[in-house]
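# Per-entry structural report
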Amino acid sequence: MTAYRFRVKFAADPTALWRDILIGGDRPLTAFQATLNEAVGLNQEHLWFFGTDEDYWESSVTYMHPGEYEGFPGGGPRGREETVHNAAETTIEDMVTQLELDERDRICYLFDYGSEWRFYAILKEIGEDDPSETPPEVTTEKGEPVVQYQSLDEDPRSQ
């Protein structure tokens, strides 16, 4: 039985906004993503993926939003150089094993391909004694959530 603790940081300002998320190894990446989005103030209305590269779009392996993955004929894109997985069918344990992640390794997360909200998650701890069925939980946090949509009344120059 294994649970994983990830520190998720906002790439634009990693010291000001981060969340520690504890999640069981048997949970799908979609559960991790939903918890992450809620914790940082993002909705679920856009496409997203987890990847392996700091350049995000250059990731050699991606774990893609299920709707995007299933939208391709035969499931999953063809003719792309990266390896692509359906995030709904991939558990945390699967991803850690496939990517050979160790503590202090990181993955990237890109939400909303137009706005490109960028985060990265550092594997902080592998809890061998924690139950694998641990639901995702934010255990520690710093910073205020992002504002996904600016109010029409706000003057962008005042920020």
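Relevant structure appears above.
Described below are features of the structure shown in this document.

Rules used in this analysis
Residues numbered from 1 in each chain as written. Predicted model: local features only at pLDDT ≥ 70, side-chain atom pairs only at ≥ 80, totals over all residues. Heavy atoms only, no water. Helix = DSSP H or I, 4+ residues; strand = E, 2+ residues; numbered from the N terminus. Buried < 20%, exposed > 50% of the residue type's maximum accessible area, 1.4 Å probe, protein only. Contact = heavy atoms within 4.5 Å. Areas by Shrake-Rupley, 256 points an atom, 1.4 Å probe, with all protein chains shown as cover. Phe/Tyr/Trp six-rings, centres within 6.5 Å; stacked < 30°, edge-to-face > 60°. Lys NZ or Arg CZ within 6 Å of the ring centre and 35° of its normal. Salt bridge = Lys/Arg side-chain N within 4 Å of Asp/Glu carboxyl O.

### Digging into the overall build of the protein chain
- Secondary structure assignment for the protein chain yields three helices and eight strands.
- The buried share of the protein chain, reckoned over its 159 residues, is 45%.
- Taking all contacts inside the protein chain whose residues are at least 6 apart in sequence as the whole, residues at least 24 apart take part in 61%.
- As presented, the protein chain carries roughly 8600 Å² of accessible surface, and 45% of it is formed by carbon and sulfur atoms.

### With respect to the packing of aromatic side chains
- Counted under the stated rule, the structure contains eleven aromatic pairs.
- When the centroid spacing of 5.0 Å and the interplanar angle of 40° are considered together, the rings of Phe6 and Phe32 count as tilted. Highlighted residues: Phe6 in strand E1 (residues 3-10) and Phe32 in helix H1 (residues 29-40), separated in sequence by 26 residues. Each member of the pair, Phe6 together with Phe32, is buried.
- Here the aromatic cluster, defined as three or more aromatic residues joined through ring pairs, consists of Phe6, Phe10, Phe32, Trp48, Phe50, Tyr109, Trp117 and Phe119.
- Positioned above the aromatic ring of Trp18, the side-chain terminus of Arg7 is 3.7 Å from the ring centre.
- Positioned above the aromatic ring of Tyr120, the side-chain terminus of Arg106 is 3.9 Å from the ring centre.

### Looking at the pattern of salt bridges
- Inspection of the entire model under this criterion finds five salt bridges.
- With a shortest N-O distance of 3.1 Å, Arg5 and Glu125 are connected by a salt bridge. Taken as a pair, Arg5 in strand E1 and Glu125 in strand E7 (residues 117-127) lie far apart in primary sequence, 120 residues in all.
- Two residues, Asp20 and Arg7, come together in a salt bridge whose shortest N-O distance is 2.6 Å. With a gap of 13 residues between them, Asp20 in strand E2 (residues 18-24) and Arg7 in strand E1 connect regions that are remote in the sequence.
- Using a relative accessible area of 6% as the deciding quantity, one classes Asp20 as buried.

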